[in-house]
Amino acid sequence: DMPERNRVQAMFPAGSRVIFNPHGTAPGIDLDVPPKIGRPSRVIALPGVPAEMIEMWEATVAGLLSAQAGGGRVIRHRRIKCFGVGESDLEQMLPDLIRRGRTPSVGITVSEATITLRITATGATSDECYAAMEPTVATIHECLGTLVYGYEDEELEHVVHRLLTQKGQTLATAEWGTAGLVAQRLGDVPDEAGCYLSGLVLPAPVALIKQLGVPAETLTHNPAASGEVAAAMAERCREQVDADYGLAVSAFPAVDPQAAQPERVYFGLATREGVTTHSTPYAGHPAILKSRAAKQALNVLRLELLGDKS
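Quick notes on the rules
Residues numbered from 1 in each chain as written. Predicted model: local features only at pLDDT ≥ 70, side-chain atom pairs only at ≥ 80, totals over all residues. Heavy atoms only, no water. Helix = DSSP H or I, 4+ residues; strand = E, 2+ residues; numbered from the N terminus. Buried < 20%, exposed > 50% of the residue type's maximum accessible area, 1.4 Å probe, protein only. Contact = heavy atoms within 4.5 Å. Disulfide = S-S within 2.5 Å. Pairing = 2+ DSSP bridges. Axes fitted to C-alpha atoms, helices over the stretch in contact; angles between N-to-C directions. pLDDT = per-residue confidence, 0-100. Core = buried A, V, L, I, M, F, W, Y, C linked by side-chain atoms within 4.5 Å. Expected span 1.5 Å × (residues − 1).

Q: A description of unusual backbone geometry should follow, citing residues and the corresponding values.
A: In this model, Thr-103 is joined to Pro-104 through a cis peptide bond whose omega is -10°. Mapped onto the elements of the fold, Pro-104 is located in the loop between helix 3 (87-93) and strand 5 (105-111). For Ala-179, which is not glycine, the phi torsion reads 50° and is therefore positive. Structurally, Ala-179 is set in the loop between strand 8 (171-175) and helix 6 (181-187).

Q: I'd like to hear about the side chain of Thr-173, residue by residue, with values.
A: Relative to the assigned elements, Thr-173 resides in strand 8. Look at Thr-173 and you get buried, because its relative accessible area is 0%. If sequence neighbours within four positions are ignored, Thr-173 has contacts with Val-182, Ala-183, Leu-186, Tyr-196, Ser-198, Gly-199, Leu-200, Cys-237 and Leu-247.

Q: Could you give an account of the state of the cysteines, naming the residues involved and the relevant values?
A: The tally for this structure, following the rule as stated, stands at zero disulfides. This cysteine, Cys-143, is not joined by any disulfide, and Cys-82 carries the nearest cysteine sulfur, 11 Å off.

Q: Talk me through the environment of Ala-174; I want residue IDs and the actual numbers.
A: Positionally, Ala-174 belongs in strand 8. Note on Ala-174: relative accessible area 0%, which makes it buried. A sequence separation of 73 residues divides Ala-174 from Leu-247, and the C-alpha atoms of the two residues are 6.4 Å apart. Those residues in contact with Ala-174 that sit more than four places away from it in its chain are Leu-200, Leu-202, Leu-212, Met-233, Cys-237, Leu-247, Ala-248 and Val-249.

Q: Describe the sheet that holds strand 4 (residues 74-82), listing the residues and the values that go with them.
A: Read across the sheet, four strands follow the order 5-6-4-7 without closing on themselves; strand pairing throughout is antiparallel. Strands at the two margins of the open sheet, each flanked by one partner only, are strand 5 and strand 7 (148-151). Averaged over all adjacent pairs, the angle separating strand axes in this sheet is 30°, with direction ignored.

Q: Got a sec to walk through the confidence of the model for the protein chain? Specific residues and values, please.
A: On average, the protein chain scores 89 in pLDDT, and the residues at 70 or more come to 95%. The element-level mean pLDDT for the protein chain is lowest in helix 1 (residues 4-9), coming to 50, with strand 7 highest at 98. In the predicted structure, residues 1-7 sits below a pLDDT of 50 and forms three contacts with residues beyond four places in sequence or in another chain.

Q: Tell me what's going on with the nonpolar core, and back it up with residues and numbers.
A: One finds Leu-171, Val-182 and Leu-301 to be the most contacted residues of the largest nonpolar core, which totals 29 residues. Residue assignment for this core shows that the elements contributing at least two residues are helix 5 (156-167), helix 6, strand 10 (245-249), strand 11 (264-270) and helix 10 (289-306). Sort the elements by how many residues they give to this core and helix 10 lands first, with eight residues. What Leu-171 contacts, discounting residues up to four positions off in sequence, is Leu-164, Leu-186, Cys-195, Tyr-196, Leu-197, Ser-198, Ala-243, Tyr-245, Leu-247 and Leu-301.

Q: Go over the environment of Glu-52, please, and point to the residues and values.
A: Inspection of the secondary structure assignment puts Glu-52 in helix 2 (residues 50-68). Glu-52 sits 31 residues away from Asn-21 along the chain, and the two C-alpha atoms are 7.0 Å apart. In this structure, Glu-52 is in contact with Asn-21, His-23, Gly-24 and Pro-47, ignoring residues within four places of it in sequence.

Q: Give a detailed account of the sheet that holds strand 1 (residues 17-19), specifying residues and quantitative values.
A: What the three strands build is an open sheet, ordered 1-2-3; its pairing is antiparallel. Bordering the open sheet on either side are strand 1 and strand 3 (41-45), each of which pairs with just one other strand. Averaged over all pairs of adjacent strands, the angle between their axes in this sheet comes to 25°, without regard to strand direction. Lying on the sheet, helix 2 is in contact with strand 1, strand 2 (28-33) and strand 3; it crosses strand 3 at an angle near 175°.

Q: Go over helix 9 (residues 227-241) with me, naming the residues and quoting the values.
A: Its 15 residues place the ends of helix 9 22 Å apart at the C-alpha level, agreeing with the 21 Å of an ideal helix rising 1.5 Å per residue. Listing the buried residues of helix 9 in full gives Gly-227, Val-229, Ala-230, Ala-231, Ala-232, Met-233, Ala-234, Cys-237 and Arg-238. For helix 9, the secondary structure elements touched by its buried residues are strand 8, helix 7 (205-212), helix 8 (216-221), strand 10, strand 11 and strand 12 (275-281).

Listed below in structure tokens is the structure:
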């Protein structure tokens, strides 16, 4: 009477060993495959759910393979996360770090405007690998400054939340163009400290007037995609819940392919002392525009929390 999917997951090749999965129904498989000539091959299969696979690898598989290799050399990686410039500009800021054949090596990847630098080192132990990386890590920080925001799986929302928690400060957000992506990112971070007080999504001009109390004249005299509107949104969302910071994203501008310069998307950042506006070009592949704008808004707040006024 076992469901078919569980019955299949409970079947293993003859002679194989089960790799325990503490958080899922699919175990792993560890199997020696005898060859026609030479030594047997070892096949290890793990479930594809990333969280389950990583935990099973770290808890079981890495140790098995290390023991089989007889304590040979190990490879370790470290990821440094950056935001605020394009890939080509960032590469030019790093003296000779990305070249082929360098030890330790530094790879570069980009996902929705987040740049990841992946440092790889080989050594007799993990500690030796990480020690070999330290001069490269120091050079990256020296060259990039606050363009570096975190490590490994950290995203901008994690860093913003940590800084707010450390300072004992609170945040409210109001979004138009990003349609709630900033709130979604912040909402995915556990918030035991209660830093994130409110997140409003405002899909139309009337919502700014009714939900935020933005004066109608602000919209009458300024386009929805403007610094004035972003500033009013930030100020009002902060005041509504008495937060330390109000962060807002204005409407996105219309795209004119014939324009000599791209239009801009505006962000407002309100504090108890006043409000400032920031903007970036609204250009790039349509698939990443919302996500990148949400990250840009979070980065505006991150730099403010760091005291970087550049």
